[in-house]
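This is what each chain is made of:
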Amino acid sequence: MSLIAAACAGFLVAVLWMDLIFDSQVLHHRGAEELPESVLASVSAYYRRATTTSRPMSLLIALVMAILLGALVARYVTDDHPGWPISVSIVLAGAPIALAAVRTVPNAKRLGARTDDADEQSRLARAVGVDHVACFVCLLSFLVVWLTFAA
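In this text the structure is predicted, and so the values were computed from the model without any measurement.

Draft legend 1. Structural context of the packing of helix H1 (residues 2-27) against helix H2 (residues 37-53). Relative orientation of the contacting elements H1 and H2 amounts to 160 degrees, with a least axis distance of 9 Å. In terms of orientation, H1 and H2 fall into the roughly antiparallel class. Here H1 runs over H2; the crossing is left-handed. Across the interface between the two elements, Met18, Asp19, Phe22, Asp23, Gln25 and Val26 from H1 touch Val39, Ser42, Val43, Tyr46 and Tyr47 from H2.

In structure tokens, the structure reads:
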């Protein structure tokens, strides 16, 4: 179970890294209310591909998230004394997965559809980027805790 959880988290960190490559375009325009069209076009095209047109490959990410949570729950249930590393690991992995399900993926799909005006697309692009940074930090922290204490 330990290796499965670490591999899943590593995969998700790699996916987030790719997302952050596109999200980083937004950082150059922190002072602007509306992002330039070239940035919106690039980021929205990426998220359209990542969330909509890449099926069934996009479903692999959801499957890996489910496997990660399943491995953590199995470890928690089968461990005689789960202790803080397992509990913290569940929070560090579960929080970004919940954030992705509730907010990040819906925002990325909406951004990819490009049905909103430029102001709203800019807000969505920034929100997705912030979510990805938070998820990246959580999953890296999970890997540190998991590989140091829980494995």
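Draft legend 2. Representation of the packing of helix H3 (residues 57-78) against helix H4 (residues 83-113). With their axes 10 Å apart at the nearest point, H3 and H4 run at an angle of 155 degrees to one another. The angle between H3 and H4 places the two elements in the roughly antiparallel class. Handedness of the crossing formed by H3 with H4: left-handed. Of the residues in H4, those in contact with Met65, Leu68, Leu69, Leu72, Arg75 and Tyr76 of H3 are Ile86, Ser87, Ser89, Ile90, Ala93, Gly94, Ile97 and Ala100. Looking at the contact of H3 with H4 residue by residue, the classes come out as 10 nonpolar, three polar and one charged.

Draft legend 3. Fine view of the state of the cysteines. Following the criterion strictly, the structure yields zero disulfides and no others. No disulfide involves Cys135; its sulfur sits 6.7 Å from that of Cys138, the nearest cysteine.

Draft legend 4. Broad picture of unusual backbone geometry. Note that the residue after Arg55, namely Pro56, is joined by a cis bond; omega there is 10 degrees. As for its placement among the helices and strands, Pro56 is situated in the loop between H2 and H3. Residue Arg114 is not a glycine yet carries a positive backbone phi of 55 degrees. Overall, the relative accessible area of 27% leaves Arg114 in the partly exposed class.

Draft legend 5. Examining the layout of surface pockets more closely. In this structure, the largest pocket spans a volume of roughly 740 Å³. Val15, Ser58, Ile61, Met65 and Val105 are the residues nearest the centre of the largest pocket, which is lined by 31 residues in total. Of all the secondary-structure elements, those providing two or more residues to the lining of the largest pocket are H1, H2, H3, H4 and helix H5 (118-150). With eight residues, H4 is the single largest residue contributor to the lining of the largest pocket. Looking at side-chain class alone, the lining of the largest pocket contains 22 nonpolar, five polar and four charged residues. Space inside the second largest pocket adds up to approximately 200 Å³. Lining of the second largest pocket is provided by Leu20, Asp23, Ser24, Val26, Leu27, His29, Arg30, Ala125, Arg126, Gly129, Val130 and Val133. For the lining of the second largest pocket, the secondary-structure elements that each account for two or more residues are H1 and H5. A breakdown of the residues in the lining of the second largest pocket according to their chemical character gives six nonpolar, three polar and three charged.

Draft legend 6. Spatial organisation of the nonpolar core. Core analysis: the biggest nonpolar cluster contains 25 residues, and Ala5, Leu68, Leu72, Phe142 and Trp146 have the highest contact counts within it. Contributing elements (two or more residues each) for this core: H1, H3, H4 and H5. Looking at this core, the element that brings in the most residues is H1, giving eight residues. Once residues within four sequence positions are removed from consideration, Ala5 is found in contact with Leu68, Ala71, Leu72, Phe142 and Trp146. Membership of the second largest hydrophobic core comes to 12 residues, among which are Val26, Leu35, Val39 and Tyr46.

How each quantity is defined
- Residues numbered from 1 in each chain as written.
- Predicted model: local features only at pLDDT ≥ 70, side-chain atom pairs only at ≥ 80, totals over all residues.
- Heavy atoms only, no water.
- Axes fitted to C-alpha atoms, helices over the stretch in contact; angles between N-to-C directions.
- Helix = DSSP H or I, 4+ residues; strand = E, 2+ residues; numbered from the N terminus.
- Parallel < 35°, antiparallel > 145°, perpendicular 65-115°, else oblique.
- Left-handed = near helix turned anticlockwise from the far one by under 90°.
- Contact = heavy atoms within 4.5 Å.
- Nonpolar A, V, L, I, M, F, W, Y, C, P; charged D, E, K, R; others polar.
- Disulfide = S-S within 2.5 Å.
- Buried < 20%, exposed > 50% of the residue type's maximum accessible area, 1.4 Å probe, protein only.
- 1 Å grid on protein atoms, 1.4 Å probe; cavity = no way out; pocket = protein on both sides within 12 Å on 5 of 7 lines; lining within 4 Å.
- Points joined across faces, edges and corners; volume = space filled by probe spheres on them.
- Core = buried A, V, L, I, M, F, W, Y, C linked by side-chain atoms within 4.5 Å.

Coordinates in, geometry out; function isn't part of it.
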